[in-house]
Amino acid sequence: MLSIYLNILVAGCLTGAVYGLMALGLSVIFGVLRVVNFAHGEMMVIGMFGAFLLHGAFGLDPMLSLPIVAGALFVAGYGLQRGLINRYVAMPDHIQFLLLLALGLVLTSSNLMLFGPDARGVPLDYAFDSFEVGPVLLDKVRVYAASGAVLLALALWAFFRFTHLGKAIRACADNQVGAQVIGLDVLKLYAVTFGIGAACVGAAGSLMVLLVDVHPYLAADYTLLAFIIVILGGLGSFWGALLGGVLVGLSEALSGFLIAPSLKSMFSFGLLILVLLLRPQGLMGARQ
Amino acid sequence: MTDDTRTMRPTGPSRRDLGRWTLAAGGFALAASSPLRFARAADPVKVGVLLPRSGHLALIGQACQRGADISVPILADLGYAVELMNADTESSPDVGRTQAEKLIREGAHVLMGCFDSATTAAVAQVAEQRGVPFVVNIAADPKITEQGYRYVFRNFPTSAMLGMGGLSLLNDLFQATGATPKTAVLMHVNDSFGQSMLGGINALAPKIGLPFEIVETIAYDPKARDLSVEVAKAKAAGADLHLVVTRLNDAILMVREMVKQRYEPMGIISPGSPGMYEKQFFKTLGKNADYCITNVAWFDPKQELNGVLQSAFEAAHPEETYELNVGFTFEAVLVAADAAKRAGSTDPQALTEALRATNLSNRVMLGGPISFDEKGQNLNIKSAAIQNRDGRPEVVLPAPNATMEPVFPMPGWGSRG
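Just so we're clear, the structure is a prediction, and the values are computed from it rather than from any experiment. (Residues numbered from 1 in each chain as written. Chains lettered and ligands numbered in written order. Predicted model: local features only at pLDDT ≥ 70, side-chain atom pairs only at ≥ 80, totals over all residues.)

Caption draft 1: Just unusual backbone geometry, in detail. Residues and elements named next belong to chain B. Following L397, the chain continues to P398 via a peptide bond in cis, the omega torsion being 0 degrees. Summarising the element assignment, P398 is placed in the segment after strand 12 (392-397). Following F408, the chain continues to P409 via a peptide bond in cis, the omega torsion being 0 degrees. Even without being a glycine, F115 presents a positive backbone phi close to 75 degrees. Looking at where F115 falls in the secondary structure, it is placed in the loop between strand 3 (110-113) and helix 5 (117-130). The exposure class assigned to F115 is buried, which follows from the 27 C-beta atoms found within 10 Å. (Helix = DSSP H or I, 4+ residues; strand = E, 2+ residues; numbered from the N terminus. Buried ≥ 20, exposed ≤ 12 C-beta atoms within 10 Å, placed from the backbone.)

Okay, structure coming up:
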């Protein structure tokens, strides 16, 4: 029985790491731009379809096509912020929400027109394999996806911590007026940040397609999931997003096993309500 | 003088002849201008096809439509003249009702459809009010033929027949293979279909005398993205048999997880749900799709007409699954065409009488000749156990119709070459 619990806990953590990378993109965008990306799940699904298409056309493993998908989403995110969202940054929140909701609907409808409603998976040679570590069976695909997510999160942390561009973005997030005073091109940095957020979610999409078959209607579920995770971890908090992802992964796994699989989502929402009541800024969020 | 007069009579038409011709021409014009409800026997019977080609049932509706479309040339070769009038119910009973009215207005002699029970019930009311016969291709709700309708004929098992057929085949399987599980876990999709199947299984199991006890019932979200926890729970129950009620995507997720978690029960059996016999299931899971068993109303491989339909379907739709939705829709058109041929007329009353007297042994699905009881239900439909073997579904029970011997317990995941 102990091995079953261990298996479930490990699987929950591994899935949660990929959830964390997805939510990281949302957290980065909000942390700097103060824009809530309601099209986040849609961007994730585009990343998943990107990996699916590259596998179909060139036989590329999603782990290998990840840089291409992330790069393409960076360019798309940069262009979107530069061409459209920058015009709305100073506008009231509800107008930004409506803009991004509309964008999400357009993306889902486009996906439906292009790919149809069927779920599509990427068939891989190792899709059914597992690693056996003592009593624990580790799903190979889940291990690869989670390792990729953790490595990418570390790379992103190093980028913000040590590079000139990363520091400039953090400066913008801390004090927009101050950043402008010292001569930073804030609008360009905003576009780079949105691009990084989109690249993050694109990379998460490439990893997620290893675990989940993709179809256009997944988008709304992932947007909601990303919100739960970043609110749990703390909106704008880097490590909070990863922690939130792992917590949601674990709560889904444990509640599904111990209580009822149909109630998995209920426990994620329960956790969210609990955090909002006891620590409204999120587990790792700074008090305002 | 009289004779002279006779010889001198003009050779053109008389006034009496003119009167007769005028009446005939008037009658012809009147007939031509009115709706052609009393066509000659050689004219095709117009079948109003009502299927959910869009909306949430679109995929299955389109599968049914393929069965209807392919019936026309096959039935023409068999000497039946059929014309289809297609209408989309948009997966909605209200739209189905409106479309049925429209098809009747436009001259449909008989209606056919509608895949889902709610729309079928709505269309049955229209057919009854307008006195137009209605052949149900697929819909399992028993109430459809329990209302005392005179114009409704169903060539599809009721949910009770499906449940009974699916569960009783389990005992036949254990007897045929000499392997009997003592415990089972039941994993089912948590939607209205899954719940009704669960209710049916719980109600029928004691009556049939199943040899195993269901030790765990696991319901899962129909939109589940991942079934790892559900499968871990099933594995933890340690049961001999894995009973399932699935749809397509969740069936794929479930078997994939079973392989990853090395969960190897004696067998994976569905007592009557879709998913495991569909092409996408084989395509995604490869050799791991093999040995799953579904007990469901299915094609009779020993029927010649089934061979004809299967060849034509696979030539026309190489990417699609040849499955029961295609078969039952084909048979529904066949039933209507056969009635029209025997009636020698497309008059609704004559068609209804002919439908009531149906006795069609040349069919594609498993069971005796198609005939209808006083309620309009065909009771001659049998379920088959179909087992996935070498990447395709094969009939393994009942033995007289089987193309292969059943394999149970199934081989482990690692020993499949």
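Caption draft 2: Examining the interface of chain A and chain B more closely. The interface is formed by 21 residues belonging to chain A together with 21 residues belonging to chain B. When contributions to the side of chain A that touches chain B are tallied by element, the ones reaching two or more residues are helix 1 (2-33), strand 2 (136-139) and helix 10 (238-258) of chain A. (Contact = placed C-beta atoms within 7 Å.)

Caption draft 3: Highlighting the environment of V143 of chain A. Residue and element names in this part refer to chain A. With respect to the helices, strands and loops of the structure, V143 is situated in helix 5 (residues 140-162). The exposure class of V143 is partly exposed, given the 18 C-beta atoms found within 10 Å. C-alpha of V143 to C-alpha of A260: the two residues are 117 residues apart in sequence and 25 Å apart in space. Contact partners of V143, with chain neighbours within four places excluded, come to L14, F131 and L138.

Caption draft 4: Main features of the nonpolar core. Residues V18, L21 and A204 of chain A together with L111, V333 and A336 of chain B are the most contacted members of the largest nonpolar core, which totals 219 residues. Both domains that furnish three or more residues to this core are identified here as domain 1 (3-157 + 300-381) and domain 2 (160-299 + 384-415) of chain B. (Core = buried A, V, L, I, M, F, W, Y, C linked by C-beta atoms within 7 Å. Domains from an automatic or database assignment.)

Caption draft 5: How the structure looks around the packing of helix 9 (residues 218-233) of chain A against helix 11 (residues 264-278) of chain A. Residue and element names in this part refer to chain A. Remark: helix 9 packs on helix 11, axes separated minimally by 9 Å, with the N-to-C direction vectors making an angle of 35 degrees. In this structure, the crossing between helix 9 and helix 11 has a hand that is left-handed. Residues I228, I231 and L232 of helix 9 form the contact with helix 11, whose own contacting residues are S268, L271, L272 and V275. Residue composition of the contact of helix 9 with helix 11, grouped by class: six nonpolar, one polar and no charged. (Axes fitted to C-alpha atoms, helices over the stretch in contact; angles between N-to-C directions. Left-handed = near helix turned anticlockwise from the far one by under 90°. Nonpolar A, V, L, I, M, F, W, Y, C, P; charged D, E, K, R; others polar.)

Caption draft 6: Spatial organisation of the sheet that holds strand 5 (residues 152-154) of chain B. Residues and elements named next belong to chain B. Reading across the sheet, the five strands line up as 2-1-3-4-5 and stay open at both edges, with parallel pairing between neighbours. Each edge of the open sheet is held by one strand with a lone partner, namely strand 2 (82-88) and strand 5. When strand polarity is set aside, the average angle formed by the axes of neighbouring strands in this sheet is 25 degrees. The pairing of strand 3 with strand 4 (residues 134-136) spans three bridges and is parallel. The residue of strand 4 that forms the bridge with L111 is F134. (Pairing = 2+ DSSP bridges.)

Caption draft 7: How the structure looks around the pairing of strand 1 (residues 45-51) of chain B. Residues and elements named next belong to chain B. Counted residue by residue, strand 1 has seven buried out of seven residues, so it is predominantly covered. When strand 1 meets strand 2, the two strands line up parallel, connected through seven bridges. What sits directly across from V47, in strand 2, is L84.

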